[in-house]
Protein chains: 2
Amino acid sequence: MMSDDHVIFIVDDDERIREALSDLLDSHGMRAVSFASAGEYVSADKPDLPACLILDVELPDINGLDLQRQIADGDHPPIVFITGHGDIPSSVRAIKHGAVDFLTKPFSDADLMAAIGAAIAEDRDKRAERAELSVLGQRYRELTPREREVLPLVVSGLLNKQAAAELGISEVTLQIHRRNVMHKMAAASLADLVRIAERLEIPITHSRRVGGN
Amino acid sequence: MMSDDHVIFIVDDDERIREALSDLLDSHGMRAVSFASAGEYVSADKPDLPACLILDVELPDINGLDLQRQIADGDHPPIVFITGHGDIPSSVRAIKHGAVDFLTKPFSDADLMAAIGAAIAEDRDKRAERAELSVLGQRYRELTPREREVLPLVVSGLLNKQAAAELGISEVTLQIHRRNVMHKMAAASLADLVRIAERLEIPITHSRRVGGN
DNA sequence: CCGCAATTCATGGAAATCCATGCATTGCGC
DNA sequence: GCGCAATGCATGGATTTCCATGAATTGCGG
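Residues numbered from 1 in each chain as written. Chains lettered and ligands numbered in written order. Predicted model: local features only at pLDDT ≥ 70, side-chain atom pairs only at ≥ 80, totals over all residues. Heavy atoms only, no water.

### With respect to the overall build of chain A
For clarity, the cut-off: Where helices and strands are cited, they refer to DSSP runs of H or I of at least four residues and of E of at least two residues respectively, numbered from the N terminus. Note on definitions: a residue-residue contact is assigned when non-hydrogen atoms from the two residues lie within 4.5 Å.
Counting its secondary structure elements, chain A contains 9 helices and 5 strands. The order of α-helices and β-strands along chain A, N terminus first, is β-α-β-α-β-α-β-α-β-α-α-α-α-α. Taken along the three principal axes of its C-alpha coordinates, chain A extends 70 × 40 × 30 Å. For chain A, long-range pairs separated by at least 24 residues make up 65% of all intrachain contacts whose partners lie at least 6 apart in sequence.

### A closer look at the interface of chain A and chain B
To keep things clear, this is the line we draw: The buried area of a pairing is the accessible area, by a 1.4 Å probe, that goes missing from both parts when the two are put together, added over both. Note on definitions: salt bridges are taken to be side-chain nitrogens of Lys or Arg within 4 Å of carboxyl oxygens of Asp or Glu. Whenever two N or O atoms come within 3.5 Å, that pair is a polar contact, provided that in protein one can donate a hydrogen and the other can accept it, and provided that, for residues adjacent in sequence, both atoms are side-chain atoms. Following the grouping adopted for this structure description, the nonpolar residues are Ala, Val, Leu, Ile, Met, Phe, Trp, Tyr, Cys and Pro, the charged ones are Asp, Glu, Lys and Arg, and the polar ones are all others, Gly among them.
On the chain B side, the residues contacting the 26 residues of chain A number 26 residues. With both chains or domains summed, chain A and chain B bury close to 2000 Å², and 63% of this area falls on carbon and sulfur atoms. On the chain A side of the interface with chain B, the three residues burying the most area are Ile88, Ile95 and Arg195 of chain A, jointly 27% of the side's total. There are 0 salt bridges connecting chain A and chain B. Counting the contacts that link chain A with chain B gives 5 residue pairs in polar contact (both at pLDDT 80 or more). Those elements giving two or more residues to the side of chain A that touches chain B turn out to be helix 4 (88-96), strand 5 (101-104) and helix 9 (190-199) of chain A. When the residues that make up the side of chain A that touches chain B are grouped by side-chain class, the tally is 11 nonpolar, 8 polar and 7 charged.

### Some points on the UniProt feature "domain: HTH luxR-type" (unreviewed entry) in chain A
Threshold: UniProt positions are given in the numbering used here, feature names are shortened, and annotations may be inferred rather than shown by experiment.
The UniProt entry lists residues 136-201 of chain A under the feature "domain: HTH luxR-type" (unreviewed entry), expressed in the numbering used here. Summarising residues 136-201 of chain A: 74% helix, 0% strand, and an end-to-end C-alpha distance of 11 Å.

### Description of the sheet that holds strand 4 (residues 79-83) of chain B
All names here are of chain B. Put simply, the test is: A pair of strands is labelled paired if DSSP reports no fewer than 2 bridges between them. Each axis is a line fitted through C-alpha atoms, and for a helix only the stretch in contact is used; angles between axes span 0 to 180 degrees, taken between their N-to-C directions.
Strand order across the open sheet formed by 5 strands is 2-1-3-4-5, with parallel pairing between neighbours. Each edge of the sheet is formed by a strand with only one pairing partner; in this case those strands are strand 2 (32-35) and strand 5 (101-104). Across the sheet, the mean angle from the axis of one strand to that of its neighbour is 20°, orientation sign disregarded. Note that strand 4 and strand 5 share 4 bridges and pair parallel. Bridge assignment links Val80 to a residue of strand 5, and that residue is Asp101. Sheet contacts for helix 4 (residues 88-96): strand 4 and strand 5; angle to strand 5, the most-contacted strand, approximately 150°. The sheet strands contacting helix 5 (residues 109-141) are strand 1 (7-11), strand 3 (51-56), strand 4 and strand 5, and the helix crosses strand 3 at an angle near 130°.

### Topic: the domain arrangement of chain A
The following threshold applies: Where a domain begins and ends is set by an automatic assignment or by a domain database.
What the domain assignment reports for chain A is domain 1 (7-128) and domain 2 (143-199). Domain 1 of chain A and domain 2 of chain A are separated by 45 Å when their C-alpha centres are compared.

### Quick word on the UniProt feature "domain: Response regulatory" (unreviewed entry) in chain A
Under the UniProt annotation, "domain: Response regulatory" (unreviewed entry) lies at residues 7-120 of chain A. Secondary structure across residues 7-120 of chain A comprises 41% helix and 21% strand; the distance between its end C-alpha atoms is 9 Å.

### Overview of helix 5 of chain B
Threshold: To estimate how far a helix should reach, multiply one less than its number of residues by 1.5 Å. Exposure is judged per residue with a 1.4 Å probe applied to protein chains only, and the accessible area is read against the type maximum: over 50% gives exposed, under 20% gives buried, and values in between give partly exposed.
Counted at 1.5 Å a residue, the expected span for helix 5 of chain B with its 33 residues is 48 Å, and the 46 Å between its end C-alpha atoms agrees. Within the span of helix 5 of chain B, buried status applies to Leu112, Met113, Ala115, Ile116, Ala119, Ile120, Asp123, Leu136 and Gly137 of chain B.

### What about the side chain of His177 of chain B?
Note on placement: His177 of chain B falls in helix 8 (residues 171-184). In this view, His177 of chain B contacts Arg146, Glu147, Val150 and Ile169 of chain B; residues no more than four positions away in its chain are not counted.

### What about the packing of helix 9 of chain A against helix 9 (residues 190-199) of chain B?
To describe two helices that pack against each other, one gives the angle between their axes and the distance between the axes. Our working rule: Note on terminology: angles under 35 degrees are roughly parallel, angles over 145 are roughly antiparallel, angles of 65 to 115 are roughly perpendicular, and the others are oblique. The hand of a helix crossing depends on one turn: near helix anticlockwise from the far one by less than a right angle means left-handed, and clockwise means right-handed.
Orientation of helix 9 of chain A relative to helix 9 of chain B, taken along the N-to-C sense of each, is 55°, at an axis distance of 9 Å. The orientation of helix 9 of chain A relative to helix 9 of chain B falls into the category oblique. Helix 9 of chain A and helix 9 of chain B meet at a crossing whose hand is right-handed. Counted together, Leu190, Ala191, Val194, Arg195 and Glu198 of chain A of helix 9 of chain A and Leu190, Ala191, Val194, Arg195 and Glu198 of chain B of helix 9 of chain B form the full contact between these two elements.

### What about unusual backbone geometry?
All names here are of chain A. The residue after Lys105, namely Pro106, is reached through a cis peptide bond having omega -5°. Looking at the element boundaries, Pro106 is found in the loop between strand 5 and helix 5 (109-141). Of note, Glu201 is a non-glycine position whose phi angle comes to about 55°, a positive value. Residue position: Glu201 is located in the segment after helix 9.

### Focus on the pairing of strand 3 (residues 51-56) of chain A
All names here are of chain A. With 6 of its 6 residues buried, strand 3 lies for the most part within the structure. Across the two faces of strand 3 the burial is the same, with Ala51, Leu53 and Leu55 and Cys52, Ile54 and Asp56 all buried. Examined bridge by bridge, strand 1 (residues 7-11) and strand 3 share 5 bridges and lie parallel to one another. In the strand pairing of strand 3, Ile8 is matched with Cys52.

### Some words on the relation of the copies chain A and chain B
Defined as follows: Here the copies are matched by least squares. The fit uses the C-alpha atoms of residues with pLDDT of at least 70 in both.
Between chain A and chain B, the superposition needs a rotation of 180° and an axial shift of 0.1 Å, giving an RMSD of 0.1 Å. The symmetry that links the two subunits is that of a two-fold axis. Rotation axis and chain A: the residue whose C-alpha lies nearest the axis is Ile88 of chain A, separated from it by 2.7 Å. Interface overlap between copies: 100% of the residues of chain A at the interface are likewise at the interface in chain B, consistent with a symmetric, same-surface contact.

### Quick notes on the nonpolar core
To keep it simple, the criterion reads: To form a nonpolar core, buried Ala, Val, Leu, Ile, Met, Phe, Trp, Tyr and Cys residues must be joined to one another through side-chain atoms within 4.5 Å.
Counting 48 residues, the largest nonpolar core has Phe81 of chain A together with Phe81 of chain B as its most contacted members. Apart from residues no more than four positions distant in its own chain, Phe81 of chain A is found in contact with Leu55, Val57, Gly64, Leu65, Gln68, Ala94, Ala99, Asp101, Phe102 and Leu103 of chain A. In terms of nonpolar packing, the next biggest core, distinct from the first, is built from 45 residues, Val154 and Ala163 of chain A together with Val181 and Ala197 of chain B among them.

### Describing the sheet that holds strand 3 of chain A
All names here are of chain A. Spatially, 2-1-3-4-5 is the arrangement adopted by the 5 strands of the open sheet, whose pairing is parallel. The outermost strands of the open sheet, each flanked by one partner alone, are strand 2 (32-35) and strand 5. For this sheet, the mean inter-axis angle between neighbouring strands, taken without regard to orientation, is 20°. Pairing analysis gives 4 bridges linking strand 3 to strand 4 (residues 79-83), with the strands arranged parallel. When the bridges of strand 4 are listed, Leu53 appears paired with Ile79.

Here's what the structure looks like:
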């Protein structure tokens, strides 16, 4: 019974290791996809599912730790490193850069399965977070340039007349932009909009000034 | 010229190590305080400064990794582990639990100083964050029980009449509580209050409903 | 030229928030 | 009993936000 809600990528140049890991994962009803090199893995079409990347440190084309840094900016899954010749500085570096675990061969099936489970759970959380941020980011990008200027002023807490003064426009125009921002960002209240702005890390550049409760 | 804006704690049962580290730090104008055991360190009065804890893994009274877990809930400084007999699982565990580095003897002065620098910088950031949260937390604790009920409703974005209905009181009374909350939390605007509530991780339990813009 | 989006401004008016002030009740500590 | 804090409610009124509707200008693409 092969589960369809996740996938585990195995990148190791040693075919016996790949086979052994595939069999182990298969026996747990987990889907595995194997690659003999980092280049293969990077180039491959991958299913859009919560995942885990089991990565050998000594690869023929690149050091596993260097691949970790290389793919860090993309939405690659959490890494579980495996290695036959690891050293402590490598393990420290791997973990500090976000790897879930660093296992030296021979490692127990239990340790590997635990690490994989943690990696998939972490990827699920991260993917949900990214999906939500992507929606918010898309909405933000649909704002007009002016609306994008109004947003930080509004979520800073300025009165409409104060925000209007900042931009050198009438309060009435500011209100129009404000309403459009609320609508486009799907915010039911100012409180909603403030939280959305926080999620998008929009900087707060002002504070409501005295005389404006 | 001994600097007064930080301190480095050294916990190692080997007196020669303590001396060597103290001398090294001294030569960099950094203040060091040494302890021969974990118990001594934990019991000692410590200056309230940004700090770094250089911690030996093999201590006479407790394993350094266990001490890390033990002090995790208090405001202890970031840890740089040093060890003569480290293994990879220990280093993984140390870093995953927040240690800045895990250095095996013999380690270079440069590596140690770099780790110490990073630890102190991290402690500075964390201490600033904790200080701010402490102020906000204190303000929150000074709210009356009723005001503490009103706060999450207000920052959820409910209209005053909606929040009042939630508590079964008049809108006028809700407004009084609202104003008191704003004042006690030192919020100049609703936007401020929403951000404060986020910092305090006050859960959002409601959303403004249709019919209430 | 036309249509559209972006930006600007306005009016009239309703709803909501905010403020100052006043009053009342209850429970607690001195 | 008194004073205080917590909680509740009210009035009158000012300010702010929100809404619907209307109009104008500019720049761009078809």
